[in-house]
Amino acid sequence: MDGLNSSGGFDASPNNLESFWMPYTWNREFKKNPLLLTAAKDMHYTSLDGRQILDGSAGLWCVNAGHSRERIVKAVQEQVAKLDFAPTFQFGHPLAFELASRLTNMLSGEFDHVFFCNSGSEAADSALKMALAYHRARGQGERTRLIGRERGYHGSGFGGISVGGIVKNRNFFGSLLNGVDHLPHTYSHAEQAYSRGLPEWGAHLAEDLERICALHDPATIAAVIVEPMAGSTGVLPPPKGYLEKLRAICDKHGILLIYDEVITGFGRLGDSFATEYFGVEPDMITCAKGLTNGTIPMGAVICRKGIYETMMDYGEETGATIELFHGYTYSGHPVAAAAALATLEVYREEGLFERARELSPYLENTAHALKGSKHIIDIRNLGLVAAIELEPRPGAPTKRAYDVYRHCFEKGLLIRIAGDTLAVSPPLIVTKEQIDQIFETIKEALEATD
Ligand SMILES: Cc1ncc(COP(=O)(O)O)c(C=O)c1O
């Protein structure tokens, strides 16, 4: 069989790696020096060469309950054998309804409806479309502008990259959506370096939304989308008071506020959602990743009271048999829904959100203890997330972080890199000893790297 070596294992020679065009990957380098994972349990991956790799990044910020958890595995196995697929277009199956109720019940505010999709990217695009449809249904169809933020990440769809603000994710892909503007990002090295938790400086940056409103006429703006804590750009906790200001300006002008909680949802900050953690409510929440513990792809948009009703009223008035012309074949997929329900049970039974909250000061102290180590120019943290920003290698930005990342892997640790920032976001079952191990390995890797 193709790709197997003489003992039946995978032969990771370049020929066998060629066909897969890997996402967000340095393909040319990877195929020469592959990093392959073949199994995972709880806090560890197993590499192709049989080593245990401590997961310092919950996979891609998604395996919040740790890997291959029995309850989730069993739920998936049973569901796939019982009802492998059921349409949710003019049909339904019980688990999708049950999951939607479970999700709205996790929020203390008036969130009452959930739209399902398959990823964070689809959740962002769905939320943007739902915002446009909502305004149109209530007679404000001129609200078509969408506002994102510099350094924002909302996945890879055209909507997401249009409102997103990571330049490399945008600049190859043409003119994107029109009618989009961006808030400034919230990071200042001079003002915020080595902040613990939320930076004191920067709330005023939300006021730029007033400038954007004045420029375009606020009555043309449908929605503002932000990550409550920017993740993929290299972890930027919001300045104290920033989200409150954004909320107030959106309210003043009738603009919907969307939180992209694809990373912050499901315990990452020590609460169910960042919405709860900050106590500042958006109108829509997008989520994915930790929703199913990364097991089966699934995303969702959770809506505040009034959005769904507006669409239903519109349907009633017009006699429509479909109120929102949007959806995916796999919206509310039964196996994904089963994985999500089991995941939510694991979070609840094991108190993992509380655990993340309790561990976060330890993570903060351990991360900040690296201050002064070679190459480091900033350390940031919030909840069970820490980021270590490195001085870029002159003329070769991102290469130093990449080398540190490779070194960590050689030493048995998986972390994420974003530009020249190392990001640590372990599963919420991580122990203090494992947190120590993560930062000791990073320190050793920094010392070994030019
Ligand atoms: C905030 C945010 N939104 C959207 C996405 C995209 O999610 P997906 O890769 O599941 O499409 C991500 C992925 O990292 C994310 O961090």
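Predicted model, so just to flag it, every value in this text is computed and none were measured. (Residues numbered from 1 in each chain as written. Predicted model: local features only at pLDDT ≥ 70, side-chain atom pairs only at ≥ 80, totals over all residues.)

### So, the site of the ligand
Around the ligand, the structure places 14 residues, and the nearest of them are Ser-119, Gly-120, Ser-121, Gly-155 and Val-262. If you tally residues by element for the shell around the ligand, the top one is helix α6 (residues 120–137), at 3 residues. Across the shell around the ligand, the residue classes break down as 5 nonpolar, 7 polar and 2 charged. (Near = placed C-beta within 6 Å. Helix = DSSP H or I, 4+ residues; strand = E, 2+ residues; numbered from the N terminus. Nonpolar A, V, L, I, M, F, W, Y, C, P; charged D, E, K, R; others polar.)

### Points about the pairing of strand β7 (residues 221–226)
Across the 6 residues of β7, 6 count as buried, placing the element largely inside the fold. Inspection of the sheet shows strand β5 (residues 145–149) paired to β7 by 3 bridges, in the parallel sense. Bridge assignment links Arg-145 to a residue of β7, and that residue is Ile-221. Here β7 pairs with strand β8 (residues 256–260) via 4 bridges, running parallel. (Buried ≥ 20, exposed ≤ 12 C-beta atoms within 10 Å, placed from the backbone. Pairing = 2+ DSSP bridges.)

### Side note on the domain arrangement of the protein chain
Split into domains, the protein chain comes out as domain 1 (35–65 + 351–447) and domain 2 (72–349). Between domain 1 and domain 2, the residue contacts involve 30 residues of the former and 28 residues of the latter. For the side of domain 1 that touches domain 2, the class distribution of residues is 15 nonpolar, 9 polar and 6 charged. (Domains from an automatic or database assignment. Contact = placed C-beta atoms within 7 Å.)

### Considerations on helix α4 (residues 70–82)
For α4, with 13 residues, the first-to-last C-alpha span of 18 Å sits near the 18 Å given by 1.5 Å per residue. Among the residues of α4, Ile-72, Ala-75 and Gln-79 are the ones counted as buried. Taken around the axis of α4, the buried residues stretch over an arc of 60 degrees, which confines them to a single face. Looking at α4, the residues exposed on the side facing more than 90 degrees away from the buried face are Glu-70, Lys-74, Gln-77 and Ala-81. (Expected span 1.5 Å × (residues − 1). Arc of directions from axis to C-beta.)

### Digging into helix α5 (residues 94–105)
When the terminal C-alpha atoms of α5 are compared, their 17 Å separation across 12 residues agrees well with the 16 Å that a helix rising 1.5 Å per residue should span. Each element contacted by the buried residues of α5 is listed here: β4 (111–117), β10 (299–304) and α14 (334–349).

### Quick look at the sheet that holds strand β6 (residues 180–183)
Spatially, β4-β10-β9-β8-β7-β5-β6 is the arrangement adopted by the 7 strands of the open sheet, whose pairing is mixed. On the outer flanks of this sheet lie β4 and β6, each paired with one strand and no other. Recorded for the sheet is a direction-independent mean angle of 20 degrees between the axes of neighbouring strands. Here strand β9 (residues 284–287) runs beside β10; their pairing, made up of 4 bridges, is antiparallel. Note that in β10 the partner of Thr-286 across the bridge is Val-301. Packing of helix α10 (residues 208–216) onto the sheet brings it into contact with β5, β6 and β7, and relative to β6 it is tilted by some 155 degrees. (Axes fitted to C-alpha atoms, helices over the stretch in contact; angles between N-to-C directions.)

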